[in-house]
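Descriptive analysis of the structure
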Amino acid sequence: MESFRVSGKGRTDRNDPVKFTFDGKEYKGFRGDTLASALLAHGVHLLGRSFKYHRPRGIVTAGFEEPNALVGTRRSAGRYEPNTRATIQEIYNGLGAESQNRFPSLKFDIGGINDTLSPFLSAGFYYKTFMWPRSFWDKVYEPFIRAAAGLGKAPTEIDPDNYASRYLHCDVLIVGSGPAGLAAALHAGRSGAKIVVVDEHNELGGYILSDPAMAIDGQVSWDWLQAALEELRGLENVKLMSRTTAFGYYHQNFVGLCQKVTDHLDKLPDNAPRERNWRVRAGRVVLAQGAIEKPLVFNGNDRPGIMLAGAAQTYLNRFGVKVGNNIAVVTSHDSAYFAAFDLATSGAKIVAIADTRSNISDVLLAKAKALKIEVLTGQTVCGTTGRLRIKSVKVAKLDNGAANSPRSLSCDTLLMSGGWTPNIHLFSHTKGSLKWDEQSQSFLPDHLTEDCCLCGASLGHWGVSFALESGALAGNRAASEMGFTTENIVFNVENDRVGSGESVLDLPSNISAQKTKSFVDFQNDVTSKDIRLAVREGMRSIEHVKRYTTNGMATDQGKLSNVNGLQIAADALDKEPPQVGLTTFRPPYSPTTFGMFAGYQRAAGFELTRKTPIHSWAAEQGAVFEPVSQWMRAWYFPKSGEGMHDAVKRECRETRKSLGIFDASTLGKIEVVGPDAVEFMNRMYTNPWTKLAPGRCRYGLLLGEDGFIRDDGVIGRLADDKFHVTTTTGGASRVLNMMEDYLQTEWTELQVWLTSTTEQWATIAINGPNARNLIEPFVNGLDVSNDLFPHMSVAECKFAGLPCRLFRLSFTGELGFELNVPARYGRMVWEELLEAGKKYDICPYGTETMHVLRAEKGYIIVGQDTDGTVTPDDAGLSWAIGKKKPDFVGKRSLARPDIVSPHRKQLVGLLTDDPNYVVEEGAQIVADPDQPTPMKMLGHVTSSYWSEALGRSIALALVLEGRDRMGETLFIPMPDGVIPVAVTDSIFYDPAGDRLNP
Amino acid sequence: MSQDLHMPMESRTVLNLDRGATQGAVEMELLDSAARFNLRVSVKHIEGIAQCIGSKIPLTIGQCETSENGQVICLGPDEWLLLTSEENGRNWAKSCSSLSAKVPHSITDISDREVTIGLKGTAVIELLSVGCPIDLEKMKDNVSRRSVFDGVQIVLHRCAFDHFRVDVWRSFLPHVWSLLNLANLELAAEEN
């Protein structure tokens, strides 16, 4: 039974009833209701328990700033959300809501014991209590605090919803669609500028929705609103977005919006995302975010049934819900009178209005008198009663700071208003400076850092007339700055409820301050007593007070509590508020889902994964893959029943015995072309390139300016002015960027151009004694015999009728070729080679076998055997340095004393005493395992494998002065024992290189 | 995303339909291959190249010159993208190679490096705005831009107000394609 619904009031659709549940009980509301308004219509105020003291709490606001009415909502499996603000969540058929932070029930909560214990749970309680004994922290204190922390339960199921994102560009972005935002939109919109208007509520209109008694330009305000919205909807250059929160204002007018797409719908449409993140780049931003009403801080100000006066006005006028029958009002601002008047004319009894001020305008007093409302002036609030709902409020005349002869007013609802705080959150995100305004006792925007302007109540001036006027100015200014011609419209407002008020501190009571509970931060249960205590205990800055008391640190980010907290702290310190400071607001403006931030980056779209043209074949064969930078590479190809080790052993054996085939398409490739190509290569790489003839290739080593190895690869000279550079898989884009950087900033005189061809070519490596036998029949226009196409040759030819760049090189120590064919033909050529290779028992091998085969030959892998601190000499690659070259990147560093020092770590081979023991990569090496800890580490193992060719384990390691230790025994201490190893040369297999030229 | 995208280009148009992409608001298709070259040359030597390829070479970044031989798109101060038929491509490469000494330049075949997605429909800008941060409405017809889509480098070409081409590196295609496809269904849901 909706006993608090007022007929003829509100904007909800009475023809569209909606059913939902709260704590298992079914309720009915109407389309357009929020969960809060629908519950209030049934007289339900109690919605949850507070965080620390588990005090019963009710609805305080009608908007995004709600600190108390946070509930868990569930639509269906996986769609559970904790901490949903009941004041924002629209009801839909099937919505299930439940209260939080209570056990066993909302009305009886065992955690409420904390409230009784509250004298012991003062500010800084955790800091003081859990200090000692130290040993209790891990096992007792931290688990206890963690269990007690948090409001609501984190969802445990995987979120089945999609979250979307889009970029949006506009001339003017207007945040807020109250009178100021609408006036800005009408002005900018009529100018033809592309504008976007966003509002976090389901309906546009802001304050106008809560004040139908006002008239604008002779029209009832709601008619005016409808006409204005219709005009804007009719303009092609205007985009209106409701249910959309501007959550963050970033550099250069980049504003993040979160649009709730489906949270209000009965049925979820197919393929629609739950939320969409709009990344807006706006020419100008108009901030018309209005103001947030400030609660009064008095003893017992947190009971269910106590709410902000403005919220009550909204529930009545916008939702047609009267928040109580016997309503008392305490205020320090005129605006509460308007709420009281509206409620009185809608059938509620206003018990009294208790005003902290002594002088109140005659107009208000006369109106109150006409409505038979008693007005008490110069009042304070001593306390309230009522456990699950307020029953009475005790007010008293304030005389020289003392509360005299208190009087108890019975009521079921208490409205409060401490005035209004301009909403400057987004402005604060821009790091624009604020100034303290003495008159309004609030921070107002001062210096702008972005192309934005503020209008309406966020400037600290009240009234719809001012909002329209300042909005018009803002809209015109923004549009004209963007190059549009604008025209000024003057608005005429009747019944404008401008109002004024005074700012008050925590209200004195007739009982001892130590026994009061005057809440500043409802959600975090911070009282004025806590703030004063923090100051007494030495906190001087608001930043310290905030952290000590947790004031303003809840999910509402201090929207209601910051200014009250600051003023009380300033009073305790006997300073002006700006001297105590204001904490910075940071994005997001209001709680925002992780889903929205993750957007499309989930499941298959979580991370970009690159696959080679031959990947599909490997997948069909059941290859196991490993990620290598962005790529997925075939790791090994297990045959049925084979584990990794058996597969790798077989691949190694068959490649060395006859023939192996390997997909090397991920190698980076860069085409270096131009008359100065050879000079560029000389400067870039350590090696000399001048004398490398076209048709030949060479191992190239790339250093950073610091002289440490950055990348390597085989580089072929295709013509006097053309090189085919290969890089490591992970280094491809980094190397190209580094080259471009030098070219564009240091060597602009060089006529040479770089083009990435990594993906132009599919690269297939053929290795083994039968490599030539396999490819020879496919090659056209080239003699691949040993004499005419020796080791380290390159040529352009036809392969299977396709254009091909053929390299003769080897990363295995066997006779080897690498053929590059246009990528689209990669798989086709691969399969033809496999077919033709059957007679040689061709064996596809993966990256693990490639690693083993190269390690047997002592070939390094940059990034595995080097770590950014390894010089060419450390790696045994001094031979790759062109000694006569005047310069190359890193040359100067190679002469630094620490680089030429003989006491460096050098790459050596290690052989374990036990040939079957494969040491762990990364293991540390010491000279004497019996030395006391911490031991002196000589180096570490960089690569370690089982070598099938040698029938034993092998390892590469960086060891201090390693080359002077040949034959020495060193030790690797491991958890299961100490492993003795002998230091050897890093080439384990075929050191003479006979197998390269069979 | 299926592995099939690595199959020869010719079979892809068929695959496309299987993936339900046409159910979305915007028509999406993988276009057949063309010959593409990355041309790098100093502006002072541009005439020599223009003669070889028989086309004017535009000098404003983003500008596109279309002739019977193909398209020449200016992507940077010394960088152009050449699009033509495979046969023409071979001829261009050949005739440019004879220039080398007098006209220093680089002309590199990138036909297989990239694939092109065609997008057609009135919601095409919304679709691209899912991953592309530039102001697409300000792009004029027959203009190109190097940009990114969801962090992946692309070259965009606006063929008409409702028609874009997107060049994307081969291995990035599955990522770009699947996001476009997802967003396309999203757009269709919005229209309904």
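Residues numbered from 1 in each chain as written. Chains lettered and ligands numbered in written order. Predicted model: local features only at pLDDT ≥ 70, side-chain atom pairs only at ≥ 80, totals over all residues. Heavy atoms only, no water.

**Considering the overall build of chain B**
For the record, the criterion: Secondary structure elements are defined from DSSP: runs of H or I of at least 4 residues count as helices, runs of E of at least 2 residues count as strands, and each element is numbered from the N terminus. Accessible area is worked out with a 1.4 Å probe on protein chains only. A residue is then buried under 20% of its type maximum, exposed over 50%, and partly exposed in between. Contacts between residues were defined by any pair of non-hydrogen atoms, one from each residue, lying within 4.5 Å. To be clear on the numbers: accessible area is Shrake-Rupley with a 1.4 Å probe, and residue cover counts the displayed protein chains and nothing else.
Each helix and strand in chain B was counted, giving 5 helices and 10 strands. Expressed as a percentage of its 192 residues, the buried residues of chain B come to 58%. Considering only contacts within chain B whose residues lie at least 6 apart along the sequence, 59% involve residues at least 24 apart. Total accessible area on chain B stands at roughly 7,800 Å², and carbon and sulfur atoms take up 51% of it.

**What to know about the pattern of salt bridges**
Residues and elements named next belong to chain A. The following threshold applies: The salt bridge definition used is simple: a Lys or Arg side-chain nitrogen within 4 Å of an Asp or Glu carboxyl oxygen.
Summed over all chains, the structure comprises 62 salt bridges over all chains. Between Glu203 and Arg11 there is a salt bridge whose closest N-O contact spans 2.7 Å. Highlighted residues: Glu203 in the loop between strand 9 (195-198) and strand 10 (215-216) and Arg11 in the segment before strand 1 (13-22), separated in sequence by 192 residues. On the basis of relative accessibility, which here comes to 28%, the residue Arg11 falls in the partly exposed class.

**Here's the deal with the confidence of the model for chain B**
All names here are of chain B. For clarity, the threshold we go by: Every residue carries a pLDDT, the predictor's confidence in it, which falls somewhere between 0 and 100.
Summary statistics for chain B give a mean pLDDT of 86 and a share of 86% for residues scoring 70 or more. Confidence drops under pLDDT 50 across residues 1-21; counting only partners more than four residues distant or on other chains, this segment forms 48 contacts. Scoring of the predicted complex yields 0.91 for pTM and 0.92 for ipTM.

**Details of the environment of Leu409(A)**
Relative to the elements of secondary structure, Leu409(A) occurs in strand 23 (residues 402-410). Setting aside anything within four residues of it in sequence, one finds Leu409(A) in contact with Val351(A), Ala352(A), Leu376(A), Lys391(A), Ser392(A), Val393(A) and Val395(A).

**Notes on the packing of aromatic side chains**
Residues and elements named next belong to chain A. Rules: Ring pairs shown here join Phe, Tyr and Trp side chains whose ring centres sit within 6.5 Å, with only the six-membered ring taken for Trp; geometry is labelled stacked below 30 degrees between planes, edge-to-face above 60, and tilted in between. Cation placement over rings: the criterion is NZ of Lys or CZ of Arg within 6 Å of the ring centroid and within 35° of the ring normal.
Under the counting rule described, the total for this entry stands at 20 aromatic pairs over all chains. With 6.1 Å between their ring centres and 85° between their planes, Trp689 and Phe723 make a pair best called edge-to-face. Of this pair, Trp689 sits in the loop between helix 19 (677-684) and strand 36 (697-703) while Phe723 sits in strand 38 (residues 722-727), placing them 34 residues apart in sequence. We classify Phe723 as buried; its relative accessible area is 0%. Geometrically, the ring pair formed by Phe811 and Tyr859 is stacked, given 5.7 Å between the ring centres and 10° between the ring planes. Here Phe811 is found in the loop between strand 43 (802-808) and strand 44 (816-822), whereas its partner Tyr859 is found in the loop between helix 23 (847-856) and helix 24 (897-900), with 48 residues between them in sequence. Among the residues examined, Tyr859 registers a relative accessible area of 24% and is labelled partly exposed. Aromatic ring contacts, followed pair by pair, group Trp617, Phe637 and Trp830 into a single cluster. Between the NZ or CZ atom of Lys559 and the centre of the ring of Tyr589, over which it lies, the distance is 4.4 Å.

**Focus: a negative patch on the surface**
All names here are of chain A. We apply this condition: A patch consists of residues whose relative accessible area exceeds 30% and which take part in no salt bridge; residues with like charges are grouped when within 9 Å of each other, and nonpolar side chains (Val, Leu, Ile, Met, Phe, Trp, Tyr) when within 5 Å. Counting rule for charge: Lys and Arg are taken as positive, Asp and Glu as negative, and neither His nor the chain ends is counted. Note on charges: their place is set at NZ of Lys, CZ of Arg, CG of Asp or CD of Glu.
Negative charge collects at one region of the surface, where Glu705, Asp741, Glu746 and Asp887 lie side by side. Tracing the sequence through the fold places Glu746 in the loop between helix 20 (732-745) and strand 39 (753-756). The class of Glu746 is exposed, set by a relative accessible area of 52%.

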